[in-house]
Amino acid sequence: MKLLLLTLLPTLALATFSSGIGPVSSHGNFFKSILSSSFDARDYWPECEQFIGKVFDQGCCALSYAIAPTSVMSDRTCINTETMREYSANYVAGCCETCAESVEGSSCREVGDGDAWQVWRYWIRHGITSEQCGAAGERDGCYNPKCLGECQQDDVKLAFDLVQGEYVYSVGSSVRDIQAEILTFGPVQSTIGFHDDFTKYEGGVYNSVGNGSLLGEHHVKIIGWGQEDKEDYWLGVNSFGKEWGIEGLFKILRGVDFLGIESNVVAGLPFENYD
């Protein structure tokens, strides 16, 4: 039996499932020599690069709450089960009623309205379809996709395409814990304070919000780390399209919990026997 334990944090509710994974995944000094160098999950798992390095474009909809978790689910399913499956962020946006205040074809929500933790819980309790299924259709302009209730591919059935995850858990907020988690199981999802100057990021290590106004929460994927001009950074994948940042990626200051990047890390694992 899986036991749900909730821990409330200032910006995100996190949980863990018992049976092998404790309340916080903590690796201590594991991989100590490797963790001091740079790392990029795309290079470490080249067979899964098509998922790990994929950059989504949320357009005028604030869908990072759905995109970042489902992207990590796809990465970790490929890495840990060798299964090529892309979980559908559109399905979450259109069909998960607990993941955001409004769904089902309504106008797009504002920044911070979606709850990434609820997306992880939806994966565990309900299951999420693949992009191949197309059960949420496509977004029409600045409107959420509609929940169609069936796959749009004739050879794909919704009941068989819904796949649940086995675990979801918070990751320790130390740099070493996050690094070891990524190196062991794959990319992780984090939630940061979203300032308007982040939309203008073009490169380098994002380390100051300047005079940027806080707009709410934003959800991103962390795939690695490194150092640039003596500044330690996390390597992340955003959902603003490839024209933004470093072809859709960004570097953010590592080691001081800048904008909550280290205190709001969440991860999960698929069932080992995927079939």
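Counting starts from 1 at the beginning of each chain's written sequence and moves along it residue by residue. Local features in a predicted model are, by the rule used here, given only for residues with pLDDT of at least 70; side-chain atom pairs are given and counted only at 80 or more, and totals for whole chains, interfaces and linings are based on all residues. To obtain the side-chain values, all non-hydrogen atoms of the structure were included, while hydrogens and water were left out.

Caption draft 1: Inspection of the packing of helix H4 (residues 64-81) against helix H6 (residues 116-125) at higher detail. The axes used here are C-alpha line fits, helices contributing only the stretch in contact, and every angle between their N-to-C directions lies in the interval 0 to 180 degrees. Note on conventions: DSSP H or I runs of at least 4 residues are helices, E runs of at least 2 residues are strands, and numbering of each starts at the N terminus. For the pair H4 and H6, the least separation of the axes is 8 Å and the interaxial angle reads 45 degrees. It follows that H4 is oblique to H6 by the angle criterion. Considering only the axes of H4 and H6, their crossing is right-handed. Contact residues: Tyr65, Ala66, Pro69, Thr70, Val72 and Met73 in H4; Ala116, Val119, Trp120 and Trp123 in H6. Tallied by class, the residues present in the contact of H4 with H6 amount to nine nonpolar, one polar and no charged. Reported orientations rely on four angle classes, namely roughly parallel under 35 degrees, roughly antiparallel over 145, roughly perpendicular from 65 to 115, and oblique for the rest. Working rule for handedness: look at the near helix, and if it is turned counterclockwise from the far one by less than a right angle, call the crossing left-handed; if clockwise, right-handed. Residue contacts are counted whenever heavy atoms from the two residues lie within 4.5 Å of one another. Under the scheme applied here, ten amino acids are nonpolar (Ala, Val, Leu, Ile, Met, Phe, Trp, Tyr, Cys and Pro), four are charged (Asp, Glu, Lys and Arg), and all others, including Gly, are polar.

Caption draft 2: Focus on H6. Across the 10 residues that make up H6, a large majority, nine, are buried. The buried label applies to any residue whose accessible area, calculated with a 1.4 Å probe on protein chains only, is under 20% of its type's maximum; exposed applies above 50%, and partly exposed to all values in between. Among all positions in H6, only Ala116, Trp117, Gln118, Val119, Trp120, Arg121, Tyr122, Trp123 and Ile124 are buried. Pairs of N or O atoms within 3.5 Å make up the polar contacts considered here, provided that, within protein, one atom can donate a hydrogen while the other can accept it, and that residues adjacent in sequence are counted only when both atoms are side-chain atoms. In this structure Asp115 caps H6, since a side-chain oxygen of it lies 3.0 Å from the backbone nitrogen of Trp117. Immediately downstream of H6, the backbone of Gly127 shows phi near 100 degrees, a positive value.

Caption draft 3: Up close: the environment of Cys61. Its place among the elements puts Cys61 in the loop between helix H3 (49-52) and H4. In this structure Cys61 comes out as buried when scored by relative accessible area, which is 1%. On a C-alpha basis, the gap between Cys61 and Asn144 in space is 7.7 Å, while along the polypeptide they are 83 residues apart.

Caption draft 4: View of the packing of aromatic side chains. Stacked, edge-to-face and tilted labels apply to pairs of Phe, Tyr and Trp rings (six-membered ring for Trp) whose centres lie within 6.5 Å, assigned for plane angles under 30 degrees, over 60, and everything in between, in that order. As enumerated under the stated definition, the model contains 20 aromatic pairs in all. Arranged with centres 4.8 Å apart and planes meeting at 85 degrees, the rings of Tyr44 and Trp45 form a pair that is edge-to-face. Taken together, a centroid distance of 6.4 Å and an interplanar angle of 35 degrees make the contact between Tyr91 and Tyr122 tilted. Of the two residues, Tyr91 is situated in helix H5 (residues 89-95) and Tyr122 in helix H6; the sequence distance between them amounts to 31 residues. Summarising the burial analysis for this pair, Tyr91 and Tyr122 share the class buried. Here the aromatic cluster, defined as three or more aromatic residues joined through ring pairs, consists of Phe194, Phe198, Tyr201, Tyr206, Phe240, Trp244, Phe250 and Phe258. Remark: a charge is flagged as sitting over a ring if the NZ atom of Lys or the CZ atom of Arg is within 6 Å of the ring centre and within 35 degrees of the ring normal. Sitting above the plane of the Tyr87 ring, Arg85 keeps its charged end 4.6 Å from the centroid.

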